[in-house]
Amino acid sequence: MTGDLHERSVVADTHNDLLTAIAHRPVGQWVPHFRDRWLPQLEAGGVNLQVLPVFVDEVFRPEGALRHTLREIEAAHRIAEANPGAVALCGNGAEIDAALDSNRIALVLALESAPGVGDDVELLETLSRLGVRIASLAHFGRTALADGSGEDATGSRLTRAGVEALGEMERLGMIFDVSHLGAAGVDHVLELATRPVMATHSSARALRDHHRNLTDDQLRGIAANGGVVCVNFFAPFLHESDFTIDRLIDHIEHIAGVMGILHVGLGPDFVKEVLADTTPPCCETQAVEGVPIDQFLPGLEGPAGLPLVTEALQKRGWADDDIALVLGQNVLDLFRAELGATR
């Protein structure tokens, strides 16, 4: 049965921007908002392992980027400290296992595009000390470290500082995240990386030709590197118009077929509630990178809907063991091996 399989599996969500929504609120609301709004959703969805990206909205860049980065990291620490029986902020595989063994949700901090770092690569060590274990170097646009996928026409690889950042992350035991990175940048990372990388929220370009998705060659490269690609649920990145869970399963099946079942995970990127919390009614954005932002998969607008993925994979005839790998075991295995593993 779907419920039994989902409940006994490790469910890992590698991209939920809930910290962005929380940090937009006054500090006194951080903990109650998480406890009242987000924790029940995570529990309803069976989430055991939650990656928390630190995303800095454009309005704070560049001058306030580092300040807002630290604000979100502080929010994560306060959430964990105020809910010790429900969640734990984890820095390595042993801490994740301890959280799971005590029926708590393991939280892992990530940087999305790292605008607070700029080209001061030494700050990665500072952020590592604060608990950050995953990082990407760009969003849609250009940073001091790399170009995002929206800048693909430039054909840009990592900058000199970006190459240094990759090496520093590998030294610190941080996982490099290629989601949002430009196509040439992904290829550059795969040329240089000596440790597995991941895509925390990316889908298949062969099924939906959008620059935010990964090509089959990139998927094969990440698999050869030992990494994991976690499929993005954002509807317009899955199909031009058929915004249904079947299209999500198509991407999961395609990526598993190209990379192998051991290299696939879930990176939902649930943005509906985050957008509602952070976008003023006066100036609501209707589209980003040429796609509408108000289209979502029915039932998968938030983490409470994650059991629907298990159900849909079962309907496609997937074996329970393979479903469990995709739901979270592959990500857990990667984190056990790589997080905090310094050299």
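Every value quoted in this text rests on a predicted model; they were computed, and no experiment measured them.

Colleague: Would you mind going over the overall build of the chain with me for this structure?
Modeller: A tally of regular secondary structure across the chain gives 13 helices and 11 strands. Taking the principal axes of the C-alpha coordinates as reference, the chain spans close to 50 × 50 × 45 Å. Partitioning the intrachain contacts of the chain with sequence separation of at least 6 by distance along the chain shows that 74% fall at a separation of at least 24. Total accessible area on the chain is roughly 13,200 Å²; 50% of this is exposed by carbon and sulfur atoms. Averaging the locations of the 26 positively and 50 negatively charged side chains of the chain gives two centres separated by 3 Å.

Colleague: Which parts of the structure should I look at to understand helix α3 (residues 30-44)?
Modeller: Structural remark: α-helix, 3.6 residues per turn; residues separated by three or four positions point the same way. Here α3 spans 20 Å end to end across 15 residues, near enough to the 21 Å set by a 1.5 Å rise per residue. Here α3 has its buried residues at W30, V31, H33, F34, W38, L39, Q41 and L42. Buried-residue contacts for α3 involve α2 (18-23), β2 (49-54), α4 (65-82), β3 (87-89), β4 (105-111) and α11 (272-278). Downstream of α3 by a residue or two, G46 has a phi angle that is positive, lying close to 75 degrees.

Colleague: Where do I start with the pattern of salt bridges in this structure?
Modeller: Once their charged atoms are close, side chains differing in charge can pair, the charge on each being opposite to the other. Here the structure, examined in full by the defined rule, presents 19 salt bridges. The salt bridge involving D209 is made with R205; its shortest N-O contact spans 2.8 Å. The class of R205 is partly exposed, set by a relative accessible area of 25%. Measuring nitrogen to oxygen at the nearest pair gives 2.7 Å for the salt bridge that ties D250 to R247. On the criterion of helical spacing, the pair formed by D250 and R247 is a turn pair, its members being 3 residues apart in helix α10 (residues 245-259). We classify D250 as partly exposed; its relative accessible area is 24%.

Colleague: Before we go on, may I ask you to explain empty space enclosed by the protein in this structure?
Modeller: Space left empty within the atom packing is revealed by a probe, the size of a water molecule, rolled over the atoms. According to the stated counting rule, one finds 5 cavities of 30 Å³ or more in the structure shown. The calculated volume of the largest cavity comes to roughly 80 Å³. In terms of lining, the largest cavity is formed by 17 residues, of which the most central are L181, H211, N213, L214 and Q218. Residue classes in the lining of the largest cavity are distributed as 5 nonpolar, 9 polar and 3 charged. In this structure, the second largest cavity encloses a volume near 60 Å³.

What counts and how
Along each chain, the written sequence defines residue order, and numbers are assigned to residues from 1. Restriction of local features to residues with pLDDT of at least 70 applies here, the model being predicted, together with a cutoff of 80 or more for giving and counting side-chain atom pairs; totals for whole chains, interfaces and linings are based on all residues. Note: side-chain values were computed over all heavy atoms of the structure, leaving out hydrogens and water. The way it works is that DSSP assigns letters per residue, a run of H or I at least four long becomes a helix, a run of E at least two long becomes a strand, and they are numbered from the N terminus. Any two residues whose heavy atoms approach within 4.5 Å are treated as being in contact. Shrake-Rupley sampling with a 1.4 Å probe provides the accessible areas, and residues are treated as covered by the protein chains on show and by no other component. A positive count includes Lys and Arg, and a negative count includes Asp and Glu. His and the chain ends are not counted in either. The atoms used to mark charge sites are NZ of Lys, CZ of Arg, CG of Asp and CD of Glu. A helix's residues, less one, multiplied by 1.5 Å, set its expected span. Exposure is judged per residue with a 1.4 Å probe applied to protein chains only, and the accessible area is read against the type maximum: over 50% gives exposed, under 20% gives buried, and values in between give partly exposed. Salt bridge, as used here, is a side-chain nitrogen of Lys or Arg placed within 4 Å of a carboxyl oxygen of Asp or Glu. In this analysis a 1.4 Å probe is tested at points of a 1 Å grid over the protein atoms alone, and where it fits but cannot get out there is a cavity; an open set with protein on both sides within 12 Å along at least five of seven lines is a pocket; lining residues have an atom within 4 Å of a point. Grid points are joined across faces, edges and corners, and a volume is the space filled by probe spheres set on the points. Under this grouping Gly is polar, as are all residues other than the nonpolar Ala, Val, Leu, Ile, Met, Phe, Trp, Tyr, Cys and Pro and the charged Asp, Glu, Lys and Arg.

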